[in-house]
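Residue-level structural notes
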Amino acid sequence: MTSLAPLPLSTKVTVLRGLGPARAAALQEAGIDTLRDLLWSLPYRYVDRGSLRPLGSLELRGLEPADQGIVTVLGTLRDLRQSTTRVQRMALTEALLEDGTGTLRLIWFNQPYLARALKVGDRLLAFGTLAVGRHGLELRGPQFEVMGRGEDAAWVRRFLPLYRKLGPLPGRVRQKLVQEALARVHVADEWLPLELSRDLPDGPTALRLLHDPPDDSDPALLERGESPAHQRLAAEELFAFSLGVALRRAGRLKRRGLVVPTSPELREQLRSYLPFHLTGAQRRAFKDIVDDLTSGRVMNRLLQGDVGSGKTLVALLSLAMVAETGGQGALLAPTEVLARQHAASFRRYLGDRAESLQLLLGGMRAAEKRAALARIASGEARYVVGTHALFQEAVAFHNLQLVVVDEQHRFGVKQREALKEKGGDPHWLVMSATPIPRSLALAVFGDLDQSVLDELPPGRQPITTKLHKPEFAERAWEQVRRELAEGRQAFVVSPSIDPSDEGKVQLRDIQAMEALLRGIFPEVPLEVVHGRLKPDEMGARMGRFVSGEAKILLATTVIEVGVDVPNATVMVVDHAERFGLSQLHQLRGRVGRGAHRSHFLMISGSETERLQTLVETQDGFRIAQRDLELRGPGEFFGVRQAGLPQFQVADLVRDRRLLARCREAAEKALARGLSEAQAQWLKREQARLRLADVS
């Protein structure tokens, strides 16, 4: 047989033998277009067939739970017959396997060719799920390999890689395609720097080790994705991503930015807006921002802070520095509720200067919106606060110099760029009220400079947190009763607007909760808010709670951010298991904002171990790290987060230390200059890792 020419990883999968149009289409639909795509789509699981079980020792009882009834056996075929089932008229192939300690029946349905492929006397390595049939224990539909005739016959494989079926492409066929691809690919260049590749196999070897693990592989490392071969591929992905981020950051630092002037008079004016002294963390963060604004480079900074750490005040000072020196600053909020809250807070701080603030919302009446657009376009509005309405084509700024984005992860990259284009190249400050573990912040916001508010303003009261099972929910309502008797107010949070939201899961929806609360507290004024209300109606209901007219606010997560009611001292979250830890921590931040001790009470009959994290700590960064470990980065940010890189092997939780090493290596590589191989490799990786804008 003539040896086939070696192929680069960029070769289309259609070059492989036995791949017809239907199967090729199934691969393409799954995003597998090249040999590189095929080989980097690793097995989803490995079956360890090395631990042989004597047939005489088999029994359903005593199997380890992790085995799920899967066993591996080796024996000789003593009987082989074929028949047809009575009901469905399906081909039934039966064999009897013997190893000297016992026998086991093997059964295959609708595979008549096996009667010709196998013969009595064959030695078979078989594995599958053990079950009980009419004649005792049996393996149904087992996979197998025909072994050599001698006792010293080489095993075909100890570890069997399993691949998911893709449409008409069975996992077994996909396995054969992978083996052909491994035999034909050729990769000559090494692009990982030595500090990352040391003690790791090269790329092609790593792929072979993962698609065809040798017998001495560590099964635990294979399952966890922590083998040296996994680490090699993860390092390639994370180094490519880190290089792209470093290049983007280097390009940003070269861009000239508008210099925002500062002076002793301006600093004194900014101090006059403050109702109290800044914390040390706020002062450090604002100094970072001032240094950026006066540096002559475009600012691109992430401001992180735990609940109640004072991000909004730092944002106001940053906007004021621009607005009070002739420019315009815009604050972009994810919801109208939060935008109105920011505008109200800014007006309190600005005093007489509040006349230069303009709110722009999608729900405004036409005449109101025209007036707002005119004030923004003329420059009369120096402070602009809005929602997605700021993206509209009709919005024109007079001299936009600074954009502040609250809750950065709720906006896509294209939306942020659309706003950026309205002001030429304004300075950029993004805020996250969800503390982001450093590993994830490096991945998602790696090209941003970062400032962290890691201390709370004085006077913030610790929040008592408790978890109650549903049968003890009365304890939560009793606490609400005590707070109301003291003249305080209460939040109650429901995860569902109506029963249809959660399918067959039996949840107490917001209507049922409203009926319950009105029964428990018949004389207490109560308001209900959720995402289906019109903005005006929601604003009116929230307003009655903020003013103190309503004593209980029953809500969905629309109150997660932006609601500041110091007199609210207790929150009850029903079905707390329906929320992520970071989301619950955000909700908890709605209380504890005044001078009185506050209480956060969760009602849940499941996932109590996970929810106990909230009881044990109020450190948002620790909570976020735990949330990230449990849910993964996609769910942590929301499945459709536009900024998350698309890694096939690397895991931002498992490989966070490797990511830090890759970032250091990328900075060094850029400092000494990329090799031609590295430059070409990075170019190929850009689109796959969502780095198409890196150049």
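Values in this document were obtained by computation on a predicted structure and should not be read as measured data.

Calculation criteria
Residues numbered from 1 in each chain as written. Predicted model: local features only at pLDDT ≥ 70, side-chain atom pairs only at ≥ 80, totals over all residues. Heavy atoms only, no water. Helix = DSSP H or I, 4+ residues; strand = E, 2+ residues; numbered from the N terminus. Buried < 20%, exposed > 50% of the residue type's maximum accessible area, 1.4 Å probe, protein only. Areas by Shrake-Rupley, 256 points an atom, 1.4 Å probe, with all protein chains shown as cover. Phe/Tyr/Trp six-rings, centres within 6.5 Å; stacked < 30°, edge-to-face > 60°. Lys NZ or Arg CZ within 6 Å of the ring centre and 35° of its normal. 1 Å grid on protein atoms, 1.4 Å probe; cavity = no way out; pocket = protein on both sides within 12 Å on 5 of 7 lines; lining within 4 Å. Points joined across faces, edges and corners; volume = space filled by probe spheres on them. Nonpolar A, V, L, I, M, F, W, Y, C, P; charged D, E, K, R; others polar. Core = buried A, V, L, I, M, F, W, Y, C linked by side-chain atoms within 4.5 Å. Contact = heavy atoms within 4.5 Å. Pairing = 2+ DSSP bridges. Axes fitted to C-alpha atoms, helices over the stretch in contact; angles between N-to-C directions. Arc of directions from axis to C-beta. pLDDT = per-residue confidence, 0-100. Polar contact = N/O pair within 3.5 Å; in protein donor to acceptor, adjacent residues only side chain to side chain. Salt bridge = Lys/Arg side-chain N within 4 Å of Asp/Glu carboxyl O.

Now for the overall build of the protein. When helices and strands are counted, the protein shows 23 helices and 21 strands. Looking at the protein residue by residue over its 695 residues, the buried ones come to 52%. Surface summary for the protein: the accessible area is close to 31,900 Å², and the carbon and sulfur share equals 49%.

Tallied over the entire structure, the rule returns three aromatic pairs. Considering the side-chain rings of Trp108 and Phe144, the 5.8 Å spacing of their centres and the 70° angle between planes classify their relative orientation as edge-to-face. One end of the pair, Trp108, is in strand β4 (residues 103-109); the other, Phe144, is in strand β7 (residues 143-147), with 36 residues separating them in the sequence. Here Trp108 and Phe144 have matching classes, each one buried. The ring of Tyr44 has Arg164 lying over it, and the distance from NZ or CZ to the ring centre is 4.1 Å. Positioned above the aromatic ring of Phe472, the side-chain terminus of Arg475 is 4.4 Å from the ring centre.

Its volume calculated, the largest pocket comes out at about 1,300 Å³. If you go around the largest pocket, you meet 48 residues; those closest to its centre are Gln341, Ser345, Asp564, Arg590 and Arg593. At the level of secondary structure, the elements contributing two or more residues to the lining of the largest pocket comprise α11 (311-323), α12 (336-350) and α18 (535-546). If one sorts the elements of the lining of the largest pocket by residue count, α12 sits on top with ten residues. Looking at the lining of the largest pocket residue by residue, the class counts come to 20 nonpolar, 17 polar and eleven charged.

Even without being a glycine, Asn110 presents a positive backbone phi close to 60°. The backbone of His575 sits at a positive phi, close to 50°, despite the residue not being glycine. Residue position: His575 is located in the loop between β20 (568-574) and α19 (581-588).

The biggest cluster of nonpolar side chains holds 62 residues, and the ones touching the most others in it are Leu360 and Tyr383. When residues in this core are grouped by element, the largest group, ten residues, is from α11. Apart from the residues lying within four places of it in its own chain, the contact partners of Leu360 are Lys369, Ala372, Leu373, Ile376, Val385, Gly386, Thr387, Ala389, Leu390 and Val395. Core analysis: the next-biggest nonpolar cluster, separate from the first, contains 54 residues, Leu19, Ala235, Leu238 and Cys662 among them.

What follows is about the sheet that holds strand β18 (residues 526-529). Read from one edge of the open sheet, six strands run β16-β21-β20-β17-β19-β18, paired in parallel fashion. If you trace the sheet from one side to the other, it starts and ends with β16 (463-468) and β18, each paired once. Neighbouring strand axes in the sheet, compared pairwise and without regard to direction, differ in orientation by 15° on average. Relative to β20, strand β17 (residues 489-493) runs parallel, the two sharing five bridges. Residue pairing for β20: Val493 is matched across the bridge by Val573.

Among the secondary structure elements, Ala624 is positioned in helix α21 (residues 620-637). Once the C-alpha coordinates of Ala624 and Gln583 are considered, the two residues, 41 residues apart in sequence, prove to be 9.3 Å apart.

Here the focus is helix α6 (residues 203-211). Of all the positions in α6, only Gly203, Pro204, Ala206, Leu207, Leu210 and His211 are classed as buried. Within α6, the buried residues cover an arc of 160° as seen down the axis, which keeps them to one side. Against the buried residues of α6 lie α2 (35-40), β1 (45-48), β8 (159-162), α4 (171-184), α7 (219-224) and α8 (228-254).

Our next topic: empty space enclosed by the protein. Per the counting criterion, the structure on display carries one cavity of 30 Å³ or more. Space inside the largest cavity adds up to approximately 40 Å³. Of all elements in the fold, only α8 and α22 (656-672) reach the threshold of two or more residues within the lining of the largest cavity. Of the residues forming the lining of the largest cavity, the biggest block, four residues, is contributed by α8. The residue inventory of the lining of the largest cavity, partitioned by class, reads three nonpolar, two polar and three charged.

Close reading of the predicted structure is inappropriate where its pLDDT is low. The predicted model of the protein has a mean per-residue pLDDT of 83, with 87% of residues at 70 or higher. In the predicted structure, residues 62-68 sits below a pLDDT of 50 and forms five contacts with residues beyond four places in sequence or in another chain. Below a pLDDT of 50 lies the segment residues 149-155, which in the model reaches twelve contacts outside its immediate sequence neighbourhood of four places, other chains included.

Right, let's talk about the sheet that holds strand β9 (residues 300-305) for a bit. Reading across from one edge, β11-β12-β10-β13-β14-β9-β15 is the order of the seven strands in this open sheet, with parallel pairing throughout. Each having just a single partner strand, β11 (357-360) and β15 (449-453) make up the two edges of the open sheet. The average undirected angle you get between the axes of adjacent strands in this sheet is 20°. Of the pairings in the sheet, the one linking β11 to strand β12 (residues 383-386) comprises four bridges and is parallel in character. Paired with Leu357 across the two strands is Tyr383, which belongs to β12. In this fold α12 packs onto β10 (328-332), β11, β12 and β13 (400-406), with an angle of close to 170° to the strand it touches most, β11.

Along the chain, Gln282 turns up in helix α10 (residues 280-293). Side-chain polar atoms of Gln282 contact the backbone nitrogen of Thr279, separated by 2.8 Å. A distance of 3.1 Å separates the side chain of Gln282 from the backbone oxygen of Gly310, its partner in a polar contact. Discounting chain neighbours no more than four positions away, the residues touching Gln282 are Ser309, Gly310, Leu313, Val314 and Leu453.

Okay, the pairing of β13 next. Most of β13 sits out of view: seven of its seven residues are buried. Here β13 pairs with strand β14 (residues 427-432) via five bridges, running parallel. Within β14, the position partnered with Val403 by the bridge is Trp428.

Attention now goes to the pattern of salt bridges. With the rule as written, the count across this model stands at 28 salt bridges. Across the salt bridge formed by Arg232 and Glu236, the nearest N and O atoms sit 2.9 Å from each other. Note that Arg232 and Glu236 are positioned in helix α8 at a spacing of four residues, about one turn of the helix. Assessed through its relative accessible area of 2%, Arg232 is described here as buried.

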